[in-house]
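Structure at a glance
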Amino acid sequence: MCGIVGGVTNSNITPLLLEGLNRLEYRGYDSSGLIVLSEKNTFNRARSVGKVKNLEKNLNERSNKIKGNIGIAHTRWATHGKPSNLNAHPHISKNSVSVVHNGIIENYVALKNDQKKLGYEFKSETDTEVIAHAIDYAIKSSKTLIESVQKVVKSLEGSYGLGIMSSKFPDQIIATRKGSPLVLGVSSNGNYIASDQMALLSETKKFIFLEEGDVAEIKLDKITIFDLDGNLVDRPVIKSMIKAGQVDKGIYDHFMQKEIFEQPQAIRDTLESRITNDSVITSSFGYKADEIFKNIKQIQIVACGTSYNAGIVAKYWIEDIAKIPCNTEIASEYRYRRPILLDDTLFVTLSQSGETADTIEALKAAQKINNSIKSLCISNTPESSLTRLSDLTFLTHAGPEIGVASTKAFTTQLVSLALMLCSIGKLRNKIDRTQEKEIVDGLKKLPGLINETLHQENQIKILANSFLDKNSTLFLGRGTMHAIAMEGALKLKEISYIHAEAYPAGELKHGPLALIDKNMPVIAIAPNDELLEKLKSNLQEVKSRGSKMIVFEDENSKVQSMDSMQVIPVTSNLGRITAPIIFTIPLQLLSYHVALLKNTDIDKPRNLAKSVTVE
Ligand code: F6R
């Protein structure tokens, strides 16, 4: 996804811009560019498709070096218009204004039509170029650059993080944000902007976090900020605790624990710039997504392990909500079984690492079986093998996941799949605006809901004690919760080495009931949905065979507690999309605390690797 870095310094800024772009590479991008105001107050710009090293090569090969004290730079993830030099940022209007932009301007077509009538020429296919032209036009009736930006942002619909320079105001850059993050960096050498503090860590640890709607004027020795209503405001300077280039456990004992607690932020990052107030931005799946999604007739999801479990949840959602046939299969099976792949299939791979050998081979096999299919990869790793092999890529933005047992990658995959189903459903007229808004509202609530669930850690710690003498555990759920039960069982077995199995609760009487006795704890997930009454009967079947039970329920499910049964309300009134994500959290915490009590190697469980790059 796009990245911004820029600043006003007392020396040549080009190396700092390049360093910042390199530090933003992890977010994924397909082109990059920078622009610097030269001593003669003219713009000097370079843009390249591909890696930042291509941009560096481009700069090195120039006879007139790009130098100056003021500049802005960008890594672009194509949404409106393909990856190309012309579409790469920064964009320029009439040698007067230059702009870098993260986000999407939804009303750019209307603005573009108006600007064409005023004589503005468009060099790119992007939604961003209208911002540069609008500011150029507004400057004519403004005393300052910031005044012109304040006027222009009022006309923009959508989301933006913007860095703006003008050759008419050569001592400053303007930064503003709405729906996309932007921080200001403060140092004795100058003042800076970036979409992510990581970009500036080599220069400063002091940051000002702009609030929604803020517009800031950044000069060498002064930063002035106005809020959404145009009032002068004082935002605090905060010292960052992040160490450049270092991924550490911070206050946590294990990476897995840290990653469980990072989920609210990971989900915020996954959603950032992918949704508006009430809708999903389809082009966040890539600039070709609209066309591809419109024409598909079925979906085939392929993945391994935890990613496969996310794919099973998605199958329920996709058929139920987007009304399109969907099948989910384990990659190591799919790759060898000579499946039939119909035309107009969207082949979706899910992979945290993007390097899982079986998933890669399954995609290659599918492309061989029917070369007309389109592929989408949902991954946490930019530039991974799967992303390179796929027509579309969606990065989960969960941040590095170090613990072998996947946690935040799973919940962010689910969020990504929800965005995918929403995009596909609306293009196929199966999801109307009200439903879309409901889904978006639900997704926005997730970070807060997860935080509430994380507060149950102490209660879950106590529960964990009862697993110490157990060799086996059964997880039960129905519908999407069967897949969440599968994920709960996988987590428990891989880090605590307790055998665990998941069953759809309705399947018990067809065999597994024979296993139930007092030594086999049963964990059930009871959301308040249309299968609740059936699940309650299944719980009775188990209870009457003497098992110790733990039920994680929705407050409104009102599962009646019995002897040797603990009912733990996790949340209340969740929707079809949010419920599976929230019920995942107590299961992650339970596995973690059982493993902690058993003193296993939590972050590196025996016999397992983080990324399975061999068959
Ligand atoms: C379980 C786990 C594994 C991975 C699986 C696929 O906690 O982490 O089951 O989910 O190896 O890995 P990716 O998602 O990288 O393809």
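Summary of the structure given here. (Residues numbered from 1 in each chain as written. Predicted model: local features only at pLDDT ≥ 70, side-chain atom pairs only at ≥ 80, totals over all residues. Heavy atoms only, no water.)

1. Considering the state of the cysteines
The test is simple: In this description, the term disulfide denotes a pair of cysteine sulfurs within 2.5 Å. Relative accessibility under 20% of the residue-type maximum defines a buried residue, over 50% an exposed one, and the middle range a partly exposed one, all with a 1.4 Å probe and only protein chains included.
All chains considered together, the criterion is met by zero disulfides. Not engaged in a disulfide, the cysteine Cys-326 finds its nearest cysteine sulfur in Cys-422; these two sulfurs lie 15 Å apart. In this structure Cys-326 comes out as buried when scored by relative accessible area, which is 4%. The exposure class assigned to Cys-422 is buried, which follows from its relative accessible area of 0%.

2. Description of the environment of Ile-525
For clarity, the cut-off: Each helix is a run of DSSP H or I of at least 4 residues and each strand a run of E of at least 2, with the numbering of both proceeding from the N terminus. A contact between two residues is defined here by any heavy atoms of the two lying within 4.5 Å.
On the secondary structure map, Ile-525 appears in strand β23 (residues 522–526). By relative accessible area, which is 1% here, Ile-525 ends up buried. Between the alpha carbons of Ile-525 and Ile-484 there is a distance of 8.4 Å; along the sequence they are 41 residues apart. Once residues lying within four places of it in the same chain are set aside, the contact partners of Ile-525 are Leu-476, Gly-477, Met-481, Ile-484, Ala-485, Leu-535, Phe-552, Phe-583 and Leu-587.

3. Details of the packing of helix α3 (residues 108–117) against helix α4 (residues 129–139)
Rules: Angles run from 0 to 180 degrees between N-to-C directions of axes, and those axes are lines fitted to C-alpha atoms, restricted for helices to the stretch in contact. For classification purposes, an angle smaller than 35 degrees is called roughly parallel, one larger than 145 roughly antiparallel, one from 65 to 115 roughly perpendicular, and anything else oblique. Crossings are assigned a handedness: left-handed for a near helix turned anticlockwise from the far helix by less than a right angle, right-handed for a clockwise turn. In the scheme used here, Gly and all other residues not listed as nonpolar or charged are polar, with Ala, Val, Leu, Ile, Met, Phe, Trp, Tyr, Cys and Pro taken as nonpolar and Asp, Glu, Lys and Arg as charged.
The geometry of α3 relative to α4 is characterised by a closest axis approach of 10 Å and an angle of 45 degrees between their N-to-C directions. The angle between α3 and α4 places the two elements in the oblique class. The two elements α3 and α4 cross, and the hand of that crossing is left-handed. Facing α3, whose interface residues are Tyr-108, Leu-111, Lys-112 and Gln-115, α4 presents Val-130, His-133 and Ala-134. For the contact of α3 with α4, the residue count by class is four nonpolar, two polar and one charged.

4. Some remarks on the pairing of strand β13 (residues 223–226)
A regular strand carries its side chains on alternate faces of the sheet. Just so we agree on the cut-off: Paired strands are those between which DSSP finds at least two bridges.
One ladder, built from four bridges, connects strand β12 (residues 215–218) with β13; its direction is antiparallel. Residue pairing in the sheet places Ala-216 in a bridge with Ile-225 of β13. In textbook terms, the turn of a hairpin is the stretch between consecutive antiparallel strands, and for β12 and β13 this stretch comprises four residues. What sits between β13 and strand β14 (residues 232–233) in their antiparallel hairpin is a turn of five residues, with Gly-230 showing a positive phi close to 85 degrees.

5. Some remarks on the packing of α4 against helix α5 (residues 145–153)
Relative to each other, α4 and α5 sit at 125 degrees, their axes nearing to 8 Å. With respect to α5, the axis of α4 lies oblique. Crossing geometry of α4 relative to α5 is assigned as right-handed. The segment α4 lies against α5, with Ala-134, Ile-135, Ala-138 and Ile-139 engaging Leu-145, Ser-148, Val-149, Lys-151 and Val-152. Here the residues of the contact of α4 with α5 sort into seven nonpolar, one polar and one charged.

6. Concerning the pairing of strand β2 (residues 31–37)
With respect to burial, β2 is a largely interior element, seven of its seven residues being buried. Side-chain alternation along β2 places Ser-31, Gly-33, Ile-35 and Leu-37 on one buried face and Ser-32, Leu-34 and Val-36 on a second face that is also buried. Note: β2 against strand β3 (residues 43–49), seven bridges, orientation antiparallel. In the strand pairing of β3, Leu-37 is matched with Phe-43. As consecutive antiparallel partners, β2 and β3 are separated by five residues, and within that stretch Asn-41 has a phi angle of approximately 60 degrees, a positive value. Pairing of β2 with strand β4 (residues 70–76), which is carried by seven bridges, proceeds in the antiparallel orientation. Bridge pairing in β4 places Gly-33 opposite His-74.

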